[in-house]
Amino acid sequence: MLRALVQRRSHRIRYHQCQCQCHSSTSSHSHPPQLLLRRYSSSPEPTSSSADAQLRKYLGYGALLLFCGAATYYSFPLPENARDKKAQLFRYAPLPDDLHTVSNWSGTHEVMTRHFHQPENLEQLERVASEANEKKTRIRPVGSGLSPNGIGLSRAGMVNLGLMDRILEVDNQKKTVRVEAGIRVQQLVDGIKDHGLTLQNFASIREQQIGGIIQVGAHGTGARLPPIDEQVIALKLVTPAKGTIEISKEKDPELFYLARCGLGGLGVVAEVTLQCVDRHELVEHTAVSTMNEIKKNHKKLLSENKHVKYLHIPYTDSVVVVRCNPVSKWKGPPKFKPKYTKDEAIQHVRDLYRESLQKYGAEGSRGKSSDDGEQHIDELSFTELRDKLIALDPLNTKHIIKVNQAEAEFWQKSEGYRVGWSDEILGFDCGGQQWVSETCFPAGKLAKPSMKDLEYIEELKQLIEKEEIPAPAPIEQRWTSSSRSPLSPASSPSEDDIFTWVGIIMYLPTMDARQRKDITEEFFHYRHLTWAKLWDPYSAYEHWAKIEVPKDKEELVELQARIRKRFPMDAYNKARKELDPNRILSNNMLEKLFPQLDAI
């Protein structure tokens, strides 16, 4: 899996693949290539009498002109409408040694910066924050770069705690662990398993830094289980204005709950104390159902399973239901013999890929007709095959429907049980690079679900079919209980409230710049339709790691109004002004989502 990409620009530069990535403006060019050429071509006429000397001189000037023109052209970004043509001509270009490229996992957002700090301990972090505050230079906290919207990225400067990744203290009696915020989830879980402990819940992957996963309000699934920020019982923040502060629900509860899901804007999270649970095994049961069957059993599925999620497949009536529960101490894991082997379950997908290669005439460019090629296809996982299938014609709705139907059949042939430790079972192969929009909205109470969660899905699927959106599978739906963090999308004062989280996606299965651009445009059309038709009627708000800042001014104003309606914008901005008056922890996204900071 790709992680946050931090590399010296002197080695290579990745050409920009999506229209929503961040780029330097061409207005900063002091000498555009054509002006530079014009300047060199205006040299006075030579006066030497030696023809050979004149020839050598002009050849030298010509070589210098070509070199300078090429160097200038290759070193600076072009306007948006010229990038695709430029990408076809070259992919690598030399830039100054002190420039770093930081890209999120999906390659949808990328920035260049000269200021990328990686402190190794608290003292170094405090020094970085203090100096940045004095100079009023930004050090936006960035974690593993897994957020689809690049919420931690800033061209002005960033600080990453990847080198601050230690487990500092484990309290077996209280079942708590204190860690440096740069530790990754999997690293933490591996480090405390010998103590018989683990985390209460997990997101789909394990590569997030702890500081990042709590700051954006990430979550797992389970209607009785809250989002991950609720596992935090104490924080150590390095703030620009007040230095290092330690907060908890006993010590400054108002700031603690606000900072627990603070979007990196109130301080750099240096240490986190987490409430853990006993390490345990889970039995995962995967089965395919229909929406009518789900409606009959929905309340029971939510209340009787510790973890449950639905994978809805557009253009089909199939719903993949994944349930996870602790292994019974008395019964042990269930005895089950699957109807199909793994090869049998995936074979029809392989066949569809081979047929599609022939249909699209892509055998020579995307596949291999030799025996090695056949063997290569047989070694691909389902998600890899799905990526390759989609890449053949990602915006052709009829093609995507066939891929979705193949996915539904794959899951039907993959029904069965799986047993393992909770950190292994709760993971999910999300596929390759992708655009994601995930919304969260109330779904009643556990004792009495409102059924709004299923109504939303039905309307969403009808919208997809009506607009003929090339929407791939799955539409992933999960549930959590509420959070006391005011900025959590699942924030509620009632512990009985449950919330559903619905994610729509479009994969980016190609590195072709124009194709990625077309997919991006189609995805944002898809997302805009859900915003316009569904969000307000269901009181739905986007996950902080997926929200995108609109380029359209009217849409931005509407988004700001929606955020103000749901979240304590004034209280958050007031805390930011007290802890970070010079906004060194901010970036363009935070400024746009929470405006009018100086008006407070």
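**Description of the overall build of the protein chain**
From N to C terminus, the protein chain includes 18 helices and 22 strands. Within the protein chain, the proportion of its 600 residues that are buried is 55%. Element-wise, carbon and sulfur atoms account for 50% of the exposed surface of the protein chain, whose accessible area totals about 27,800 Å².

**With respect to the packing of helix 9 (residues 342–359) against helix 12 (residues 397–412)**
At a minimum axis distance of 8 Å, the contact between helix 9 and helix 12 shows a crossing angle of 160 degrees. Relative to helix 12, helix 9 is oriented roughly antiparallel. As for how helix 9 packs across helix 12, the hand of that crossing is right-handed. On helix 12, the residues that touch Ala 345, Ile 346, His 348, Val 349, Leu 352, Ser 356 and Lys 359 of helix 9 are His 399, Lys 402, Val 403, Ala 406, Glu 409 and Phe 410. For the contact of helix 9 with helix 12, the class distribution of residues is seven nonpolar, three polar and three charged.

**Examining the confidence of the model for the protein chain**
Confidence in the prediction of the protein chain, expressed as mean pLDDT, is 84, and 81% of residues score 70 or more. Per-residue pLDDT stays below 50 along residues 63–94; that stretch engages in 43 contacts with residues further than four places along the chain or on separate chains.

**Quick notes on the sheet that holds strand 6 (residues 158–159)**
One open sheet holds the three strands; their spatial order is 4-6-5, and the pairing between them is parallel. Each of the sheet's edge strands pairs with one partner strand only, and the pair in question is strand 4 (116–117) and strand 5 (140–141). Pairing of strand 4 with strand 6, which is carried by two bridges, proceeds in the parallel orientation. Bridge assignment links His 117 to a residue of strand 6, and that residue is Val 159.

**Quick look at the sheet that holds strand 11 (residues 243–248)**
As summarised here, the arrangement of the five strands in space is 7-8-12-10-11, forming an open sheet in which the pairing is antiparallel. The open sheet is flanked by strand 7 (167–171) and strand 11, the only strands paired with a single partner. Averaged over all pairs of adjacent strands, the angle between strand axes in this sheet comes to 10 degrees, irrespective of strand direction. Direction of pairing for strand 10 (residues 232–239) relative to strand 12 (residues 268–275): antiparallel, over a ladder of six bridges.

**Points about the pairing of strand 12**
In terms of burial, strand 12 is a largely internal element, seven of the eight residues being buried. When strand 8 (residues 176–180) meets strand 12, the two strands line up antiparallel, connected through five bridges. Note on strand 12: the bridge partner recorded for Val 177 is Leu 274.

**Observations regarding the pairing of strand 8**
Counting buried residues in strand 8 gives four out of five residues, a clear majority hidden from the surface. Note that strand 7 and strand 8 share four bridges and pair antiparallel. In the strand pairing of strand 8, Asp 171 is matched with Thr 176. Connecting strand 7 to the antiparallel partner strand 8 that follows it, the hairpin turn spans four residues, and Lys 175 within it adopts a positive phi of roughly 60 degrees.

**What about helix 15 (residues 513–538)?**
For an α-helix, 3.6 residues make a turn, and residues three or four places apart therefore share a direction. Over its 26 residues, helix 15 extends 36 Å from the first C-alpha to the last, a length consistent with the 38 Å expected when each residue adds 1.5 Å. Residue Trp 531 marks the point of greatest curvature in helix 15, where the axis turns by about 40 degrees. At the N-terminal end of helix 15, a side-chain oxygen is found 3.3 Å from the backbone nitrogen of Arg 514, two or three residues along, and the residue is Asp 512. After helix 15 finishes, the residue Ser 539 shows a positive phi value of roughly 55 degrees.

**Topic: the packing of helix 15 against helix 16 (residues 553–566)**
Following both chains from N to C, one finds helix 15 and helix 16 inclined at 35 degrees, their axes separated by 14 Å at the closest point. For the pair helix 15 and helix 16, the crossing hand works out as left-handed. Contact residues: helix 15 offers His 528, Trp 531, Trp 535 and Asp 536, while helix 16 offers Glu 555, Glu 558, Leu 559 and Arg 562. Per-class residue counts for the contact of helix 15 with helix 16 are three nonpolar, one polar and four charged.

**Remarks on the side chain of His 543**
Mapped onto the secondary structure, His 543 falls in the loop between strand 22 (541–542) and helix 16. Given the relative accessible area of 3%, His 543 is considered buried. Polar contacts involving the side chain of His 543 include one to the main-chain amide nitrogen of Ala 545, which spans 3.0 Å. Every residue in contact with His 543, bar those within four places of it in the chain, is listed here: Val 216, Gly 217, Ala 218, His 219, Glu 438, Pro 489 and Trp 501.

**Here we look at the packing of aromatic side chains**
Each aromatic ring pair is described using two quantities: the centre-to-centre distance and the angle formed by the ring planes. In this structure the tally under the stated criterion is 16 aromatic pairs. Between the aromatic rings of Phe 441 and Tyr 538, the centroid separation amounts to 5.7 Å while the plane-to-plane angle is 55 degrees, which identifies the pairing as tilted. Taken together, the positions of Phe 441 in strand 18 (residues 434–445) and Tyr 538 in helix 15 put the pair 97 residues apart, joining distant regions of the chain. Accessibility expressed as a relative area gives 8% for Tyr 538, which makes it buried. Considering the side-chain rings of Tyr 572 and Phe 594, the 4.7 Å spacing of their centres and the 55 degrees angle between planes classify their relative orientation as tilted. Here Tyr 572, found in helix 17 (residues 569–579), pairs with Phe 594, found in the segment after helix 18 (588–593); they are 22 residues apart in sequence, far enough to count as distant. Residue class for Phe 594 comes out buried when judged on its relative accessible area of 0%. Here the aromatic residues Tyr 541, Trp 544, Phe 567, Tyr 572 and Phe 594 are joined through ring pairs into a cluster of three or more. A cation sits over an aromatic face here: Arg 279 above Trp 421, 3.8 Å from the ring centre. Over the aromatic face of Tyr 340 sits the side chain of Lys 413, whose NZ or CZ is 5.5 Å from the ring centroid.

**Quick word on the environment of Gln 231**
Relative to the helices and strands, Gln 231 resides in the loop between helix 6 (210–215) and strand 10. A relative accessible area of 3% places Gln 231 in the buried class. Between the alpha carbons of Gln 231 and Arg 260 there is a distance of 9.8 Å; along the sequence they are 29 residues apart.

Procedures and definitions
Residue numbers here run from 1 along each chain, matching the order of that chain's written sequence. Side-chain atom pairs in this predicted model are given and counted only at pLDDT of 80 or more, local residue features only at pLDDT of at least 70, and totals for whole chains, interfaces and linings cover all residues. With hydrogens and water stripped out, all remaining heavy atoms of the structure feed into the side-chain values. Each helix is a run of H or I in the DSSP string that is no shorter than four residues. Each strand is a run of E no shorter than two, and both are numbered from the N terminus. Exposed residues in this analysis have more than 50% of their type's maximum accessible area, buried residues have under 20%, and partly exposed residues fall in between, with area computed by a 1.4 Å probe over protein chains only. We get accessible surface area from the Shrake-Rupley algorithm with a probe of 1.4 Å; when it comes to residues, only the shown protein chains can shield them. Axis definition: a line fit to C-alpha positions, over the contact stretch in the case of helices; interaxial angles, taken between N-to-C directions, run 0 to 180 degrees. Each angle receives one of four descriptions, namely roughly parallel if under 35 degrees, roughly antiparallel if over 145, roughly perpendicular if within 65 to 115, and oblique otherwise. Note on convention: the crossing is left-handed when the near helix lies turned anticlockwise from the far helix by less than a right angle, right-handed when the turn is clockwise. Residues are treated as being in contact if the distance between any of their heavy atoms lies within 4.5 Å. Residues are sorted three ways: Asp, Glu, Lys and Arg are charged, Ala, Val, Leu, Ile, Met, Phe, Trp, Tyr, Cys and Pro are nonpolar, and all the rest, Gly among them, are polar. pLDDT: the predictor's confidence for each residue, scored from 0 to 100. Two strands qualify as a pair provided DSSP detects at least 2 bridges between them. A helix's residues, less one, multiplied by 1.5 Å, set its expected span. Two axes enter the bend calculation: one fitted to the seven residues ending at the residue in question, the other to the seven starting there, and the bend is the angle between them. Polar contact is defined as a pair of N or O atoms within 3.5 Å, subject to the rule that within protein one atom must be able to donate a hydrogen and the other to accept it, and that residues adjacent in sequence are counted only when both atoms are side-chain atoms. Between the rings of Phe, Tyr and Trp (Trp by its six-membered ring), a pair exists once the centres lie within 6.5 Å; its type follows the angle of the planes, with under 30 degrees stacked, over 60 edge-to-face, and the other angles tilted. Think of it as a cone above the ring: NZ of Lys or CZ of Arg counts as a charge over the ring if it is within 6 Å of the ring centre and within 35 degrees of the ring normal.

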